[in-house]
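So you can see what is in the structure, the chains are spelled out below.
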Amino acid sequence: MASGKTLEQSGYLRTASGLSAEQVYDHTAQGLLTSQMLTDWSGVDFTESIFVVAHPMDFKVPPHVHDYYELCFILDGTVANIIGGQKIYMLDGTLCVMNLASRHALEPVDEGAVVVNLCLRPALFESGVFADFLAADNEMSRFLRGEGTTDHLMFSDSQAKLLLTHMDAVVMEFARADFHQSFALCAQVLLLLDELSRTETYSYYGLSPKTLRMLAYLREHCADATMRSLGREFGYTANYCSQYLRKHTGKTASELIAEARVAKAEGLLAGTDLGVEAIAAAVGYKSYSHFNELFQLHRNMTPGDYRRLSRIK
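Small disclaimer: the values here were computed from a predicted structure and weren't measured. (Residues numbered from 1 in each chain as written. Predicted model: local features only at pLDDT ≥ 70, side-chain atom pairs only at ≥ 80, totals over all residues. Heavy atoms only, no water.)

### What to know about the pairing of strand E5 (residues 79-83)
And step 1. Counting buried residues in E5 gives five out of five residues, a clear majority hidden from the surface.
And step 2. Connecting E5 to the next strand, strand E6 (residues 86-90), in antiparallel fashion are two residues, including Gly 84 with a positive phi near 60 degrees.
And step 3. In terms of strand pairing, E5 meets strand E8 (residues 104-108) through five bridges, oriented antiparallel. Among the inter-strand pairings, Asn 81 is bridged to a residue of E8, identified as Leu 106. (Buried < 20%, exposed > 50% of the residue type's maximum accessible area, 1.4 Å probe, protein only. Helix = DSSP H or I, 4+ residues; strand = E, 2+ residues; numbered from the N terminus. Pairing = 2+ DSSP bridges.)

Below, the structure written as structure tokens:
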């Protein structure tokens, strides 16, 4: 992602966030993490209506609440987000949106994991187009208003990678504006919120340890995996597996299997000289044209183009 390079080149990821593990732990142990605290610790002005905090996830953050809405995005690696006593595993490309009622803790899972937090102060939604968005009749707006029974929404990266693209644009604009709010940053945040309000691939639950094991099975057996075979492996009915995965990933069984097949195809395209038709068959597709169409849908390029680019790198 370009945002990773932007943060590293600017020094923001390493230094401008300025938060040591000791500072975060000592202060969040009090139970409240405020934008003024972040400003005091780092020397960067986090009291504007929109700000971004990025840091390597190499320490545990104890349970706390915020005085702002937080969109927690995993740029790299895996992080455990503990909400309501449940440990939710967030893979890279996962976005968790938390409202003002949310209380959570974070734990690193992978060494080198990186978290990018997009923070929105309530004042942002008091007037103008953001106030209109907050008052709108959609799932995201209702969630931000605190309606319903959940205090967080989980999003995995969509097939078209739109959420990744929007998050990348937000981070790049924040860095371009010298880590301050700008008109362009407001526009990018509004576009991101609008995209979140349109997507149907959200989940209230996120990835549990059992979900991770099921997804690992689908990746390993993607060529012939079905909900029936998954059920046999884990001792459940096919219907239960399908509903459970939808509940915890926000995606259908067919979407998850397709993603696993595309991921395996990427490895074969980059690491072997197998023909594309042979790779299509190896990942479970009898029709080359169907595989080609699906690959383009997920990666916005043909399998042949992906192979050429991977060889250049």
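### Considerations on the nonpolar core
And step 1. Judged by nonpolar contacts, the single largest core of 42 residues is most densely connected at Leu 118, Leu 120, Phe 125, Met 140, Val 189 and Leu 196.
And step 2. Broken down by element, the residue count for this core peaks at seven residues, all from helix H7 (residues 162-176).
And step 3. Every residue in contact with Leu 118, bar those within four places of it in the chain, is listed here: Ile 50, Phe 51, Val 52, Tyr 69, Glu 70, Leu 71, Met 167, Val 170, Val 189 and Leu 192.
And step 4. In this structure, Ala 80, Leu 207, Ala 225 and Ala 253 belong to the second largest nonpolar core, which totals 16 residues. (Core = buried A, V, L, I, M, F, W, Y, C linked by side-chain atoms within 4.5 Å. Contact = heavy atoms within 4.5 Å.)

### Some points on the packing of aromatic side chains
And step 1. What the rule picks out here adds up to ten aromatic pairs.
And step 2. Plain terms: the ring middles of Phe 51 and Tyr 68 are 5.5 Å apart, the flat faces sit at 75 degrees to each other, and that makes the pair edge-to-face. Taken together, the residues Phe 51 in strand E2 (residues 50-56) and Tyr 68 in the loop between strand E3 (61-66) and strand E4 (69-76) connect sequence positions 17 residues apart. Each of the two residues, Phe 51 as well as Tyr 68, counts as buried.
And step 3. Centre to centre, the rings of Phe 295 and Tyr 306 are 5.7 Å apart; their planes meet at 75 degrees, and the pair counts as edge-to-face. Residue Phe 295 is found in helix H14 (residues 288-299), and its partner Tyr 306 is found in helix H15 (residues 303-312); the two are separated by eleven residues along the sequence.
And step 4. The rings of Tyr 285, Phe 291, Phe 295 and Tyr 306 are connected pair by pair, giving a single aromatic cluster.
And step 5. Of note, Lys 210 hangs over the ring of Tyr 244, and the distance from its end group to the ring centre comes to 4.4 Å.
And step 6. Above the face of the Tyr 285 ring, Arg 261 is positioned so that its terminal group lies 4.7 Å from the ring centre. (Phe/Tyr/Trp six-rings, centres within 6.5 Å; stacked < 30°, edge-to-face > 60°. Lys NZ or Arg CZ within 6 Å of the ring centre and 35° of its normal.)

### Details of the pairing of E2
And step 1. Summarising burial for E2: six of the seven residues are buried, a large majority.
And step 2. Inspection of the sheet shows E2 paired to strand E9 (residues 114-120) by seven bridges, in the antiparallel sense. Across the sheet, the residue bridging to Pro 56 is Val 114, located in E9.

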